[in-house]
Amino acid sequence: MKLRAENIRYKEALSNATCPNCGGPAAIGEMSFDEQHLRIENARLREEIDRISGIAAKYVGKPMLSYPHLSPGGSRSLDLGVGNYGPQTGMAGEIYGAADLLRSVSGPTDADKPVIIELAVAAMEELIRMAQTGEPLWIPSTDNSAEVLSEEEYVRTFPRGIGPKPLGLKSEASRESAVVIMNHINLVEILMDVNQWSSVFSSIVSRAVTLEVLSTGVAGNYNGALQVMTAEFQVPSPLVPTRENYFVRYCKQHTDGTWAVVDVSLDNLQRPASISRCRRRPSGCLIQELPNGYSKVTWVEHVEVDDRAVHSIYKPLVNSGLAFGAKRWVATLDRQCERLASVMANNISAGDVGVISSPEGRKSMLKLAERMVMSFCSGVGASTAHTWTTLSGSGADDVRVMTRKSMDDPGRPPGIVLSAATSFWLPVPPKRVFDFLRDENSRSEWDILSNGGLVQEMAHIANGRDPGNSVSLLRVNSANSSQSNMLILQESSTDSTGSYVIYAPVDIVAMNVVLSGGDPDYVALLPSGFAILPDGPTNQAGGAPEVGSGGSLLTVAFQILVDSVPTAKLSLGSVATVNSLIKCTVERIKGAVLCEGA
């Protein structure tokens, strides 16, 4: 019996073939298609599918049904039986008890599982070729600064897969490589553990759930692991709709030692059935081991999406691929690997004033900062778990607010939390905006809550190559002597695709415990801050067309505890106060940054 994929491929080859003499449709006898090559390729794929099915059956102690003996039109009841692992939810989705709409998608049926395995194996083949092939599949731009996927060549090279592009969706494809400071085993673990994946990529992954594990892999690692997932991807602004996907993730170690992790959408198997605004063609990364604990990562992102709801000021950024493309995934991974390496560092000199040299104190403070960043990222985008209300008009810089109840969480103050955010364009390069906002010496120019007091850096942890990548503990010495001094925990972070300045007021007693290496999970945080993105690709050399103006897209987000009683009703006065606060902050930033650049 032939595999269903083999049948599809043969049929497509037949339907697309033309006679070399007359140009008309080819009869069977006239085909120049290399059928023997197809048979060899399918034999190899069939072997791979058998292996994955065998692994899945072995780890649940059930007999394996040999998939090649299933007829294409017959039953698909391959019983992989691994529904007992239970859904795993990414941490970024667990904020303030928000109802997780991703949970409404059910896992695959037994009848779907052979189809999923087959699709995953084909997706892995496609990812490898997409990552390693050059022209004519990927065409370099005129200045060699980027690559563009040839859609015609793609369709010719990969005639199978998840079917033609649906009407109303447009293709986005990108590829990026980098060397990162993490070994290949840890990278694979991050990608295959939904909690670690959501944490490391919290600025991109707003929510994620593993619905079912079809295979755990072999020999104590993730080689051959298969899991069905849902995830929501975001840009840090309420003006850019999130992208939700239902997909299978497949991990494999290849004969040359390279690891690969691939995602591919399962929209046709989704229950309840829905019309998808975004679907993932085979996307993921290749991980190659390098000496000294480094790895080379090659990332491919290939999606089809309806992006008509993106606000006009973000369209150049989204269209460039910098918002959701491979460059952002790789830059974020590289930055996070730096962060993790700084946590493990033990050779810190105690000579500099304010530098935290104690390994325990560093780890606790960095862990607290990580939770602060994740909390900020989960509440600043357009996630469907949130309901944003626009306070006035329809302009880009109008303030959007939402309320959330915080209960039974020692890491957050109990009560009603009011979140407010606004995004706007600044005719100033992102680096200048980032440097201005992270500098404690200029904080009094925009931070209304500091009441004009002197801001001093009390402690500092560098956690990246760029001097802007650091975690700081700031003291605000209020000009009003009757007010107690306030501490602020701040993390500033920057990479080639975006920058963040995120901060939260913290209790002095609690921070002393953290700096001594104590547990940071019980420090209550309500983070606020800024996400700074380029307004599009920067103008390239060689006369390439300028898409972005070299300006910045700045999102300002505040969180304020408006009532310590979770059952209380939100007053209009609280909304008006936060609206006034955020608008005043925006005006101060615009005035200060534009004057600085004048």
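Residues numbered from 1 in each chain as written. Predicted model: local features only at pLDDT ≥ 70, side-chain atom pairs only at ≥ 80, totals over all residues. Heavy atoms only, no water.

K.L.:
Run through the overall build of the chain, naming residues and quoting values.
P.N.:
Secondary structure assignment for the chain yields 12 helices and 20 strands. Expressed as a percentage of its 598 residues, the buried residues of the chain come to 53%. Summarising the internal contacts of the chain: among those between residues at least 6 apart in sequence, 68% fall at separations of at least 24. Here the chain displays about 25,700 Å² of accessible surface, and carbon together with sulfur accounts for 54% of that area. (Helix = DSSP H or I, 4+ residues; strand = E, 2+ residues; numbered from the N terminus. Buried < 20%, exposed > 50% of the residue type's maximum accessible area, 1.4 Å probe, protein only. Contact = heavy atoms within 4.5 Å. Areas by Shrake-Rupley, 256 points an atom, 1.4 Å probe, with all protein chains shown as cover.)

K.L.:
Summarise the packing of aromatic side chains; cite the residues concerned and give the values.
P.N.:
Inspection of the entire model under this criterion finds 10 aromatic pairs. Where Tyr 154 meets Phe 158, the ring centres are 5.2 Å apart and the plane angle is 50°; that geometry is what we call tilted. Note on accessibility: Tyr 154 and Phe 158 belong to one class, buried. With 6.1 Å between their ring centres and 80° between their planes, Trp 197 and Phe 233 make a pair best called edge-to-face. One end of the pair, Trp 197, is in helix H6 (residues 194–200); the other, Phe 233, is in strand E6 (residues 226–233), with 36 residues separating them in the sequence. Taken together, the ring pairs in this structure connect Trp 197, Phe 201, Phe 233, Trp 299 and Trp 329 into an aromatic cluster. The side chain of Arg 249 reaches across the aromatic face of Trp 197, ending 4.1 Å from its centre. The ring of Tyr 503 has Arg 443 lying over it, and the distance from NZ or CZ to the ring centre is 4.3 Å. (Phe/Tyr/Trp six-rings, centres within 6.5 Å; stacked < 30°, edge-to-face > 60°. Lys NZ or Arg CZ within 6 Å of the ring centre and 35° of its normal.)

K.L.:
How would you sum up a nonpolar patch on the surface? Please name residues and give values.
P.N.:
There is a patch of nonpolar side chains on the surface, built from Val 179, Ile 181 and Tyr 294 and spanning about 240 Å² of accessible area. Structurally, Tyr 294 is set in the loop between strand E10 (283–289) and strand E11 (295–305). You can call Tyr 294 partly exposed: its relative accessible area is 34%. (Patch = residues over 30% accessible without salt bridge, like charges linked within 9 Å, V, L, I, M, F, W, Y side chains within 5 Å. Salt bridge = Lys/Arg side-chain N within 4 Å of Asp/Glu carboxyl O.)

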